[in-house]
Amino acid sequence: MKIGEKILEYADEMLETLAGLIAIPSVCGRPEEGMPYGKPSAEALQYILEKARGMGFSVVNVGNYAGHAEYGQGEEIAAVLAHVDVVPPGRGWDTDPFALARQGDLLFGRGMADDKGAAVVALYCLKALKDQQVIGKRRLRVIFGAGEEVGMDDLEQYFAKEPLPDLAFTPDAEYGICNREKGILQARLSCAASGGFLRSFSAGSVVNAVPERAVAELGCTDEEAGQLQSALPSGGPASFSLEKQEGGWALVCKGVAAHAMCPEEGVNAAAYLLDFLCRHIAPERLGRLPVFLHKKIGTAFDGAALGIAQADKPSGPLTLNLGTVQIRDGQAAAQIDIRFPVTSQGEAIIQAITEQAEQEGVLFSVGNYNPPLYLPEESRLISVLQEAYAAVMGERPSLYATGGGTYARAVKGRGVAFGPVFPDEPDRRMHNSNEHIDWKRFLLHAQICLEAMYRMLTQG
């Protein structure tokens, strides 16, 4: 029997643990004392660390930012990096997003694919190695983060207290091996709101997702509302409705959610609603920010209107996502998420946007900046992971690039993203409604994960 097949003995236990973890609505929120991402995120971290403690592992919790379970001895450290926080559930679920639901081989729940399922699998792989009394050449940790979806400063805080691993992977992407991650720039655009016609505008809750719904409250007459109603498009990627409400009208746009790393797979409700308003309402009635967003971003996702469109051979084109727009009480603000090529310089992009925003009276401020990741193909870690994949799947995995941002960046050139989703699988709807995994396919990932952790623990 291959070592990877041992994980199948823990299938029922993994499901039970996963159900408990999914039930915790660990969306990062306002900080509380001792809980930097709010209570639900801290509860999820404590839940999985207590499971690890009950298995007999050495456990450390670094201020509810992140923690680890450890097995083995040695000077070097190998690690698997996963996270237990999730994005907000959003709308459109057919089941309770915070209750594990099963339909045949499909398991539904927020975090099932990103990244609670992989976190639970990694913990039980550690348990399988311990139960088999495998003697290794280094320590092996499973590190659980509690703030990955809100900028990944959780591991920055963790590694301020704990040493960096010598080699690591994060099961938070697709197979084969992602050795190239685009740079990530998340920033805020803001200015005073004009009031009057555009009373409020609301779209999105997180910067790293395409907003599926946007609402503009309008202070317009019934006659103006009738003109807008006549102008509403009857077809196209987004749908619109105009609704009468107390003191005015609400214009609603519905799009399609998607991850910010692939905004082309969604329909940005905020962008399409701004586009409609700017085509039919005079600029001075909307205010500086809506006009700037329409002029310099529009409904595109390539950054061309800002003059930052670019691409390279290793990782592909730059993408830009308008993640949130909030206008009310005299203030207007938006958040954008840019994924730029691995050979590019983020500083030049920042400068270009800053200059254009200043010209339009808009303040541009960087909230999160992660340089690109590029790990050479000949590295020892790549070889280890290729061997592990081949042991289960019978072939070596390919290398690829992504626009996603994973924990691999946090270990400073010592890690990559590796699994858990297979490239031929249907959309698992991460960051979308009805997020799910195929349990049979996921058990293949579990076997690969155990093979990889075994090799990282034992090979010289």
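Data block above holds the structure.
Let me sum up the structure you'll find in this document.

How each quantity is defined
Residues numbered from 1 in each chain as written. Predicted model: local features only at pLDDT ≥ 70, side-chain atom pairs only at ≥ 80, totals over all residues. Heavy atoms only, no water. Helix = DSSP H or I, 4+ residues; strand = E, 2+ residues; numbered from the N terminus. Rg over C-alpha atoms; globule rule 2.2 N^0.38 Å. Buried < 20%, exposed > 50% of the residue type's maximum accessible area, 1.4 Å probe, protein only. Contact = heavy atoms within 4.5 Å. Areas by Shrake-Rupley, 256 points an atom, 1.4 Å probe, with all protein chains shown as cover. Lys, Arg positive; Asp, Glu negative; His and termini not counted. Charge placed at Lys NZ, Arg CZ, Asp CG, Glu CD. Phe/Tyr/Trp six-rings, centres within 6.5 Å; stacked < 30°, edge-to-face > 60°. Lys NZ or Arg CZ within 6 Å of the ring centre and 35° of its normal. Salt bridge = Lys/Arg side-chain N within 4 Å of Asp/Glu carboxyl O. Core = buried A, V, L, I, M, F, W, Y, C linked by side-chain atoms within 4.5 Å. Axes fitted to C-alpha atoms, helices over the stretch in contact; angles between N-to-C directions. Parallel < 35°, antiparallel > 145°, perpendicular 65-115°, else oblique. Nonpolar A, V, L, I, M, F, W, Y, C, P; charged D, E, K, R; others polar. Polar contact = N/O pair within 3.5 Å; in protein donor to acceptor, adjacent residues only side chain to side chain. Pairing = 2+ DSSP bridges.

**Comments concerning the overall build of the protein**
Piece 1. Within the protein one finds 11 helices and 26 strands.
Piece 2. For a compact globule of 460 residues, the expected C-alpha radius of gyration is about 23 Å, and the protein comes in at 23 Å, within 12% of that figure.
Piece 3. With the C-alpha coordinates aligned to their principal axes, the bounding extent of the protein is approximately 75 × 45 × 45 Å.
Piece 4. For the protein, the residues scored as buried account for 58% of the 460 residues in total.
Piece 5. Considering only contacts in the protein between residues 6 or more positions apart, those separated by 24 or more positions represent 76%.
Piece 6. Summed over all atoms, the accessible surface of the protein reaches about 18,300 Å², with 47% contributed by carbon and sulfur.
Piece 7. For the protein, the centre of its 42 positive side-chain charges and the centre of its 58 negative side-chain charges are spaced 2 Å apart.

**Examining the packing of aromatic side chains**
Piece 1. Scanning the entire structure with this criterion turns up 10 aromatic pairs.
Piece 2. A centroid spacing of 5.0 Å and a plane angle of 75° characterise the contact between tyrosine 158 and phenylalanine 159, whose relative ring orientation is edge-to-face. Each of the two residues, tyrosine 158 as well as phenylalanine 159, counts as buried.
Piece 3. Seen in terms of ring centroids, tyrosine 175 and tyrosine 389 are 5.3 Å apart; in terms of plane orientation they differ by 55°. Their pairing is tilted. Pair noted here: tyrosine 175 is in the loop between β8 (173–174) and β9 (177–181) and tyrosine 389 is in helix α10 (residues 380–393), with a separation of 214 residues, a long-range link. Comparing tyrosine 175 with tyrosine 389, the two get one shared label, buried.
Piece 4. Through a chain of ring-to-ring contacts, three or more aromatic side chains come together here, namely Phe169, Tyr175, Tyr389, Phe418 and Phe422.
Piece 5. Between lysine 130 and the ring centre of phenylalanine 57, over which it is positioned, the NZ or CZ distance is 6.0 Å.

**Things to note about the pattern of salt bridges**
Piece 1. With the rule as written, the count across this model stands at 19 salt bridges.
Piece 2. Of the charged contacts in the structure, one is a salt bridge between aspartate 105 and lysine 440, with a shortest N-O distance of 3.8 Å. Of this pair, aspartate 105 sits in the loop between β4 (101–103) and β5 (106–108) while lysine 440 sits in helix α11 (residues 439–458), and the two are 335 residues apart along the sequence.
Piece 3. Aspartate 105 gets classed as partly exposed once you look at its relative accessible area, which sits at 28%.
Piece 4. For the salt bridge of glutamate 181 with arginine 409, the shortest nitrogen-to-oxygen distance reads 3.0 Å.

**Quick word on the nonpolar core**
Piece 1. Within the largest apolar cluster, 71 residues are counted, with the highest numbers of intra-cluster contacts made by Phe169 and Met453.
Piece 2. Of all the elements, helix α3 (residues 112–131) adds the most residues to this core, at 13 residues.
Piece 3. Setting aside residues no more than four positions away along its own chain, methionine 453 makes contact with Val80, Ala122, Cys125, Leu126, Leu129, Leu140, Val142 and Phe169.
Piece 4. In terms of nonpolar packing, the next biggest core, distinct from the first, is built from 53 residues, Phe240, Leu274, Leu286 and Ile327 among them.

**Looking at the packing of helix α6 (residues 269–280) against helix α8 (residues 288–296)**
Piece 1. For the pair α6 and α8, interaxial distance at closest approach is 9 Å and the crossing angle is 105°. Regarding the angle of α6 to α8, the classification is roughly perpendicular. Contacts between α6 and α8 involve Leu274, Asp275 and Cys278 from the former and Pro290, Val291, Leu293 and His294 from the latter.
Piece 2. Grouping the amino acids of the contact of α6 with α8 by side-chain chemistry returns five nonpolar, one polar and one charged.

**Considerations on the environment of lysine 182**
Piece 1. Among the structural elements, lysine 182 can be located in the loop between β9 and β10 (183–192).
Piece 2. For lysine 182, a relative accessible area of 5% corresponds to the buried category.
Piece 3. Between the alpha carbons of lysine 182 and glutamate 50 there is a distance of 35 Å; along the sequence they are 132 residues apart.
Piece 4. Within the local environment of lysine 182, its side chain forms a polar contact with the backbone oxygen of proline 317, the two atoms lying 2.2 Å apart.

**A closer look at the sheet that holds β4**
Piece 1. Taking strand neighbours across the sheet as the criterion, the three strands line up as β4-β5-β26 in an open arrangement whose pairing is antiparallel. Each having just a single partner strand, β4 and β26 (436–438) make up the two edges of the open sheet. Averaged over all pairs of adjacent strands, the angle between strand axes in this sheet comes to 25°, irrespective of strand direction.
Piece 2. For β4 and β5, the ladder comprises three bridges, and the chain directions are antiparallel.

**Overview of the sheet that holds strand β20 (residues 331–340)**
Piece 1. If you trace the eight strands from one edge of the open sheet to the other, you get β14-β15-β13-β11-β19-β20-β10-β21, paired in antiparallel fashion. The open sheet has two free edges, formed respectively by β14 (239–245) and β21 (363–370), since each of these has just one partner strand. Going from strand to strand, the sheet's axes swing by 20° on average, the running direction of each strand aside.
Piece 2. Bridge count for β14 against strand β15 (residues 248–254) is seven bridges, and the pairing is antiparallel. Residue pairing in the sheet places serine 241 in a bridge with valine 252 of β15.
Piece 3. Together, β11 (198–203), β13 (213–218), β14, β15 and β19 (319–328) form the strand contacts of α6, whose direction differs from that of β13 by roughly 35°.
Piece 4. Docked against the sheet, helix α9 (residues 346–359) engages β10, β20 and β21, running at close to 165° with respect to β21.

Bear in mind that shape data such as this cannot, by itself, settle questions of function.
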